[in-house]
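Below, each chain spelled out in residue letters.
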Amino acid sequence: MNRLFLPAEAPVDAALRGFALAHPGLVRLHEDPLYVTARDRHPGRRVGLLSGGGSGHEPLHAGFVGRGMLDAAVPGRVFASPHNRQVYEASRAVAGEDGVLHVVKNYTGDRINFGIAAERLRADGIPVRRVLVDDDLATDDAETATGRRGTGATVVVEKLLGGAADAGLGLDELAEAGAAFAAASRSIAVAARAQTAPGRGGEAFELVDGEIEYGVGIHGERAARTVERPDFEDLVDRMTQQVLDALTDASDTVLLLVNGLGATTLLELYAVHDRVRHVLGERGVSVAGQLVGTFVPALDMSGFSVTVTSLRENWLDWWHAPALTPAFPVSETAR
Amino acid sequence: MNRLFLPAEAPVDAALRGFALAHPGLVRLHEDPLYVTARDRHPGRRVGLLSGGGSGHEPLHAGFVGRGMLDAAVPGRVFASPHNRQVYEASRAVAGEDGVLHVVKNYTGDRINFGIAAERLRADGIPVRRVLVDDDLATDDAETATGRRGTGATVVVEKLLGGAADAGLGLDELAEAGAAFAAASRSIAVAARAQTAPGRGGEAFELVDGEIEYGVGIHGERAARTVERPDFEDLVDRMTQQVLDALTDASDTVLLLVNGLGATTLLELYAVHDRVRHVLGERGVSVAGQLVGTFVPALDMSGFSVTVTSLRENWLDWWHAPALTPAFPVSETAR
Amino acid sequence: MTVTVDQEKVLRTYAEAARTAHDALTALDQLSGDGDFGDNLREGLDGVEAGLDARPGEAPFAVAAGVFLDEVGGTSGPLIGLLFQEVGRALAAHGDGREGWAAGVREGLAAIQRVGEAEPGDRTMVDALAPARDALDGGAGFADAARAALAGARATADIRARRGRASYVGERALGAPDPGATGVALLFWSLARVAEPDADLGSVADAVGWPAAS
Amino acid sequence: MTVTVDQEKVLRTYAEAARTAHDALTALDQLSGDGDFGDNLREGLDGVEAGLDARPGEAPFAVAAGVFLDEVGGTSGPLIGLLFQEVGRALAAHGDGREGWAAGVREGLAAIQRVGEAEPGDRTMVDALAPARDALDGGAGFADAARAALAGARATADIRARRGRASYVGERALGAPDPGATGVALLFWSLARVAEPDADLGSVADAVGWPAAS
Ligand SMILES: Nc1ncnc2c1ncn2[C@@H]1O[C@H](COP(=O)(O)OP(=O)(O)O)[C@@H](O)[C@H]1O
Ligand SMILES: Nc1ncnc2c1ncn2[C@@H]1O[C@H](COP(=O)(O)OP(=O)(O)O)[C@@H](O)[C@H]1O
Ligand SMILES: [Mg+2]
Ligand SMILES: [Mg+2]
Ligand SMILES: [Mg+2]
Ligand SMILES: [Mg+2]
């Protein structure tokens, strides 16, 4: 049984049209090739900020297009990288006086397609750099050449970069700042039910009763480990401890993201948040900003992730800098 | 298999704590009895606005507490009415010089408990009136004394009332305006998978392969009709037509809500929005404001609803009036 | 004539009656509902007695209203709380006599109907309250009002389910009275016991009248 | 000496070679991938010929780069597009001769490696490009560069899967060369055919060398 309500033809195109119709004051749609750009831009911004990747992770990335965050977002098909031409043309459309910065989640397809676009831009004389987001602890294995996957931290990196770009940083400074944001961020995710497999319907993988996937990705890859389901409190404690332990240079002030993977309700996410805060409090970590909600899902998977970004001096100004986008909570910027 | 990630003890209390910790600048938590209030309030507001109901519909209602919308929200347990004492004490806390207005979704339990609280407030000399939201077309049956259920339109009514309250309307004017908002709103919902039954886990009801529930409610009641699943386009067209046909005094300018029931992704909801707009365009209806997202879910049900509110003169000012809450999209008010 | 009735004594008598009737009320709610009415009423009135002990200076029905509105579960708890609230307000306004009680029951029933939207004949506590109100409004004394309430409650045994929650009950509960109506009738029984101790009203068991004496 | 090479003729020769080699390239990608490489290369070069016909004034490799970067599918399409882009830029900067080609291949390979992150020995088109670059950088002529590219491509038949996408191939593809390396070697074969028509290079079938002549 396919539970997804999507048109048979070109679902991503339809969704992006519906998205642009929902936010006419904030974004502009470009149909061929497919991408969206922000209608408004801080006058101090010298570098265009662009991100993109496979669809099925909404509101990422298009929901974060707008003044204060991304200048453009480029969607691929569900769980598939966008074409380099989309990235290339969107980049040309939003490049600033000091070029364009690509925010790329660490997946082979995205690396190649963004990389090709970057080569084309360089050939055109447009300066371009890349920030690679690779926060997922489940793939933190020195053996694999591919490195950690990019997951929830993307929204944190995009917000911080938006604030930094509006502060007038140049391309190289911005690329270095972005690399530092990503390096200071780690995540871990669990799932109690797989997402719907987009093509055939049905669940992408089966879970045995009473077990959960520990360390699941956002494309429905199974986790490396299927574990017996712990208590709610034990599970959240373990995830939070693992993330904190991995941030070797953890400062005592952090940004926190409690992220739904699709079908997990706000009731659950807020309860998780309450427990994560309890653990952070016990470890003496203070939280300077937090997001709780569905920001980087894996289609309609039941599960959630916890992301912590260890803050350095002056990052907080960029976090709280104004941002007006379809999906970034204004309450994080309005105080 | 229970897919919900919730503590075994007092999950709603935990979630509301986590909610208040996530939005410290906007809301204040009251733990006994349980409710939240807004930290800020338009100085021109003379009437306190309060809503509440069973939990499992987040972000409703707590997510709409803040300047420009609700002054307080009162959660019951999952799918159960709050206790009258919660409503009574929250109402006392936020009543204005001209009393307090209750926004109540039409369910027996909510009617009784809000009604009892209203009697207590009256006994204390606090003026109180009620706006009943009853938009669900699936229960539009002259036979039943209970009337139509209250569903997605609640968020529309709460936003319009917030704008009207900030414009300084008195209690009676506001109650009449609220009744008019509700009367001008109709919804219809479909589901392709039931929500998780909170107690036992597992799906609250089973669907046969290739069928959907047409006219489902937000507490996991089955719909009156299980129908063979139409094409995406046919389904959305039928729902939209039904809602438009039911608004006997449909003006040619409307507010539109495309609402997810929990597990339905933004990708889907935006694709639905695109199609609804197509149908509205064909019928010559113009859309003055729209919300697309998960605003009034039924826990983690897979499905969506379409709500249309037929606009009267000057309602649009109230729709676009500033609102700063955890969940109402600022883009609807920022243009 | 200005018979004044000791409010606290009425409530303590009612509490004692609820303890005595607990098992019968439980059985009645098992037949037509979820079986908690006996508990709700007894524990609520125990709480009222504790409140009266703890805050002897306060108006007894205000104490009772607070307990039932804030702490008692089930549909009946807060509805009975509303009755207490209105009785308390009326006794304060019109004195502790018949006039005060007539006004309080009238206002209390009106509030219960505003909130619960039940009509006489729907097989609810309204079926005990409406005859009592009519009796008091017509000038009757406390014992006659109690007889009217008890008769009204007893008559719910013959009401066929028609709508609302009553409609779920079906045939099964026919022959047994509505627990809420029965429980509320005991308030009038208690009131008459205190106000007219010589009136012939029978025992609590007689008042409940169920299970029918064999 | 300043041998200049007709860019357009190189591309048309390459297109003809891709048509001839289509079935062999398809078979190779069926062994080690998803079977679309033959289609991707042939349709891409057909598109380039159409572009050359439609816009005769434009620089041929710029036209070819646009088609491969914008329209050709698969991993190989845009990577070959990058090669065309850099060759086009270098020929414009250093002239249509050996110097220009040496610079273009060097820059193109660098771009492909920046983007695709493959090293020589990973069983990709890099294994044809790296020997060609080395030959041209070392002062070799076009025919020698083509021989180096063809030999590099042929040698991928013996590369055991080590990492990345190559690791999925396993034993099954051993003995058959990498389709992308083979397809890119045909560019150098075409270049040499145009620049040094008298050199002994053999046919397209000889160049592909698979299935091995029986
Ligand atoms: N809408 C109503 N109006 C008046 N009384 C009602 C109403 N609904 C139920 N009751 C009364 O409540 C009694 C049941 O109370 P109780 O057992 O405490 O509630 P619940 O059914 O919630 O368990 C019924 O016997 C009836 O007399
Ligand atoms: N990372 C890479 N760097 C360079 N070349 C690569 C890389 N990955 C694949 N290739 C080349 O692409 C060829 C396959 O092309 P094609 O069939 O078009 O792609 P796909 O595998 O996406 O279907 C391979 O034979 C190999 O030569
Ligand atoms: Mg009961
Ligand atoms: Mg009960
Ligand atoms: Mg292939
Ligand atoms: Mg392919």
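If you look chain C up in an unreviewed UniProt entry, it shows as Dihydroxyacetone kinase subunit L from Streptomyces minutiscleroticus.

Per an unreviewed UniProt entry, chain A is named Dihydroxyacetone kinase subunit DhaK, and its organism is Streptomyces minutiscleroticus.

This part covers the overall build of chain C. Within chain C one finds nine helices and zero strands. In sequence order, chain C lays out its α and β elements as α-α-α-α-α-α-α-α-α. Relative to the globule expectation of 17 Å for 214 residues, the C-alpha radius of gyration of chain C, 16 Å, shows essentially globular dimensions. Dimensions along the principal axes, computed over C-alpha positions, put chain C at roughly 45 × 35 × 35 Å. Of all 214 residues assigned to chain C, the portion counted as buried reaches 55%. For chain C, the accessible surface area stands at approximately 8800 Å², while carbon and sulfur atoms represent 49% of it. Separation of charge centres in chain C, based on 19 positive and 33 negative side chains, amounts to 4 Å.

When you go through chain A residue by residue, the secondary structure sums to eight helices and 12 strands. Taking 20 Å as the expected radius of gyration for a compact globule of 335 residues, we find that chain A reaches 19 Å, a close match to that expectation. For chain A, the C-alpha atoms occupy an extent of roughly 55 × 50 × 40 Å along the three principal directions. Burial status across chain A gives 66% buried among its 335 residues. Within chain A, contacts between residues separated by at least 24 positions form 74% of all contacts whose residues are at least 6 apart in sequence. Of the roughly 10700 Å² of accessible surface on chain A, a fraction of 46% belongs to carbon and sulfur atoms. Charge separation in chain A, taken as the distance between the mean sites of 32 positive and 45 negative side-chain charges, equals 5 Å.

On to the site of ligand 2, then. Residue and element names in this part refer to chain D. Residues in contact with ligand 2 amount to 18 residues; listed here are only the nearest, Asp34, Asp36, Thr75, Ser76 and Asp178. Surface burial for ligand 2 is 90%, taken as the share of its 580 Å² of free accessible area covered by protein chains. At three residues, helix H8 (residues 179–195) tops the list of elements feeding residues into the shell around ligand 2. Residue composition of the shell around ligand 2, grouped by class: six nonpolar, seven polar and five charged.

Counting residues at the interface gives 60 residues for chain A and 60 residues for chain B. In this assembly, chain A packs against chain B so that about 5200 Å² is buried in total across both faces, 65% of it on carbon and sulfur atoms. In this structure, the connection of chain A to chain B is made through six salt bridges. In this structure, Asp274 of chain B and Arg17 of chain A form a salt bridge, with 2.8 Å as the shortest nitrogen-oxygen distance. For the side of chain A that touches chain B, the elements supplying multiple residues, two or more each, are helix H1 (11–22), strand S7 (185–193), strand S8 (211–214), helix H6 (232–246), helix H7 (266–282), strand S11 (286–293) and strand S12 (302–310) of chain A. Each residue belonging to the side of chain A that touches chain B can be placed in one class, and the counts come to 32 nonpolar, 13 polar and 15 charged.

All names here are of chain C. End to end, helix H5 (residues 98–116) covers 26 Å across 19 residues, agreeing with the expected 27 Å (1.5 Å per residue, within 8%). Turning to H5, its buried residues number three or more, namely Arg98, Gly100, Trp101, Ala102, Ala103, Gly104, Val105, Gly108, Leu109, Ala111, Ile112 and Val115. Positive backbone phi, at 60 degrees, marks Glu117, one or two positions downstream of H5.

Residue and element names in this part refer to chain C. Taken together, 18 residues surround ligand 1, and among them Asp34, Asp36, Thr75, Ser76 and Asp178 come closest. In the environment of ligand 1, an oxygen atom lies 3.0 Å from a nitrogen or oxygen atom belonging to the backbone of Met125. Taking Gly180, its main chain carries an N or O atom lying 3.0 Å from an oxygen atom of ligand 1. Taken by itself ligand 1 offers 570 Å² of open surface, and the protein chains cover 90% of this. Where the shell around ligand 1 is concerned, the elements lending two or more residues are helix H2 (37–54), helix H4 (76–94) and helix H8 (179–195). At three residues, H8 tops the list of elements feeding residues into the shell around ligand 1.

All names here are of chain D. The magnesium ion (ligand 6) binds to the protein through Asp34 (OD) and Asp36 (OD); the donor distances cover 2.1 to 2.2 Å. Here the magnesium ion (ligand 6) and the magnesium ion (ligand 5) are spaced 3.7 Å apart, linked through Asp34, which binds each one. With a relative accessible area of 25%, Asp36 lands in the partly exposed category.

For the coordinates displayed, the defined rule picks out 70 salt bridges over all chains. Notably, a salt bridge pairs Arg46 of chain B with Asp98 of chain B, separated by 3.8 Å at the nearest N-O pair. Remark: Asp98 of chain B occurs in the loop between helix H2 (84–94) and strand S5 (100–105) and Arg46 of chain B occurs in the loop between strand S2 (35–38) and strand S3 (48–55); sequence separation between them is 52 residues. By relative accessible area, Arg46 of chain B is classed as partly exposed at 30%. Between Arg114 of chain C and Glu119 of chain B there is a salt bridge; the shortest N-O distance is 2.5 Å. Highlighted residues: Arg114 of chain C in helix H5 and Glu119 of chain B in helix H3 (residues 108–123), drawn from two different chains. According to the relative accessible area criterion, Glu119 of chain B is buried, its value standing at 3%. Each of Glu8, Arg12, Glu16, Arg19, Asp46, Glu49 and Asp53 of chain C takes part in salt bridges that share partners, so that together they form one network.

Before going further, it helps to spend a moment on the interface of chain C and chain B. Taken together, the contacts link 15 residues of chain C with 12 residues of chain B. Both sides together, the interface formed by chain C and chain B hides about 1200 Å², and carbon and sulfur atoms give 53% of it. Area buried by chain C at its contact with chain B is led by Leu69, Asp70 and Val115 of chain C, which between them contribute 39% of it. At the junction of chain C and chain B, the tally comes to three salt bridges. Breaking the side of chain C that touches chain B down by element, the ones donating at least two residues are helix H3 (60–70), H4 and H5 of chain C. When residues in the side of chain C that touches chain B are grouped by element, the largest group, five residues, is from H4 of chain C. By residue class, the composition of the side of chain C that touches chain B is seven nonpolar, three polar and five charged.

Below, the discussion takes up the relation of the copies chain A and chain B. When chain A is brought onto chain B, the operation consists of a screw motion whose angular component is 180 degrees and whose axial shift is 0.0 Å, with 0.0 Å RMSD remaining. Such a combination of turn and shift is consistent with a two-fold rotation axis. Of every C-alpha in chain A, the one belonging to Ala263 of chain A sits nearest the axis of rotation, 2.0 Å from it. When the interface residues of chain A are mapped onto chain B, 100% of them again lie at the interface, so the same face is used by both copies.

Let us look at the domain arrangement of chain A. Residues and elements named next belong to chain A. Each assigned domain of chain A is listed here: domain 1 (11–183) and domain 2 (185–311). Between the C-alpha centres of domain 1 and domain 2 there is a distance of 23 Å. Opposite the 27 residues of domain 1 that make contact, domain 2 presents 26 residues. Carbon and sulfur atoms supply 65% of the area buried between domain 1 and domain 2, which totals about 2200 Å² over both sides. For the domain 1 face of the interface with domain 2, the top three residues by lost area are His57, Phe79 and Leu137, together amounting to 26%.

Residues and elements named next belong to chain B. The sheet built from six strands is open, its strands ordered S1-S2-S4-S3-S5-S6 with mixed pairing. Either end of the sheet is taken by a strand with one partner, and the two such strands are strand S1 (27–30) and strand S6 (128–133). Neighbour-to-neighbour, the strand axes of this sheet turn through a mean angle of 20 degrees, independent of strand direction. Seen against the sheet, H2 touches S2, S3, strand S4 (72–78) and S5 and runs at an angle of roughly 165 degrees to S4. Each of S3, S5 and S6 touches H3; the most contacted strand, S5, lies at about 170 degrees to it.

One pass over the structure, following the stated rule, counts 20 aromatic pairs over all chains. Taking the centre distance of 5.4 Å and the plane angle of 85 degrees together, the rings of Phe61 of chain C and Trp101 of chain C count as edge-to-face. Linking Phe61 of chain C in helix H3 with Trp101 of chain C in helix H5, this pair joins segments that are 40 residues apart in sequence. Its relative accessible area of 0% is what places Phe61 of chain C among the buried residues. Both rings, one in Phe61 of chain D and one in Phe84 of chain D, keep their centres 5.6 Å apart while their planes meet at 70 degrees; by these two values the pair is edge-to-face. One end of the pair, Phe61 of chain D, is in helix H3 (residues 60–70); the other, Phe84 of chain D, is in helix H4 (residues 76–94), with 23 residues separating them in the sequence. Here the two residues Phe61 of chain D and Phe84 of chain D agree in accessibility, since each one is buried.

Conventions used here
Residues numbered from 1 in each chain as written. Chains lettered and ligands numbered in written order. Predicted model: local features only at pLDDT ≥ 70, side-chain atom pairs only at ≥ 80, totals over all residues. Heavy atoms only, no water. Helix = DSSP H or I, 4+ residues; strand = E, 2+ residues; numbered from the N terminus. Rg over C-alpha atoms; globule rule 2.2 N^0.38 Å. Buried < 20%, exposed > 50% of the residue type's maximum accessible area, 1.4 Å probe, protein only. Areas by Shrake-Rupley, 256 points an atom, 1.4 Å probe, with all protein chains shown as cover. Lys, Arg positive; Asp, Glu negative; His and termini not counted. Charge placed at Lys NZ, Arg CZ, Asp CG, Glu CD. Contact = heavy atoms within 4.5 Å. Near = heavy atom within 4 Å. Nonpolar A, V, L, I, M, F, W, Y, C, P; charged D, E, K, R; others polar. Buried area = accessible area lost by both parts, 1.4 Å probe. Salt bridge = Lys/Arg side-chain N within 4 Å of Asp/Glu carboxyl O. Expected span 1.5 Å × (residues − 1). Polar contact = N/O pair within 3.5 Å; in protein donor to acceptor, adjacent residues only side chain to side chain. Donors = N, O, S within 2.8 Å, 3.2 Å for Na, K, Ca; no water. Least-squares fit on C-alpha atoms with pLDDT ≥ 70 in both. Domains from an automatic or database assignment. Pairing = 2+ DSSP bridges. Axes fitted to C-alpha atoms, helices over the stretch in contact; angles between N-to-C directions. Phe/Tyr/Trp six-rings, centres within 6.5 Å; stacked < 30°, edge-to-face > 60°.

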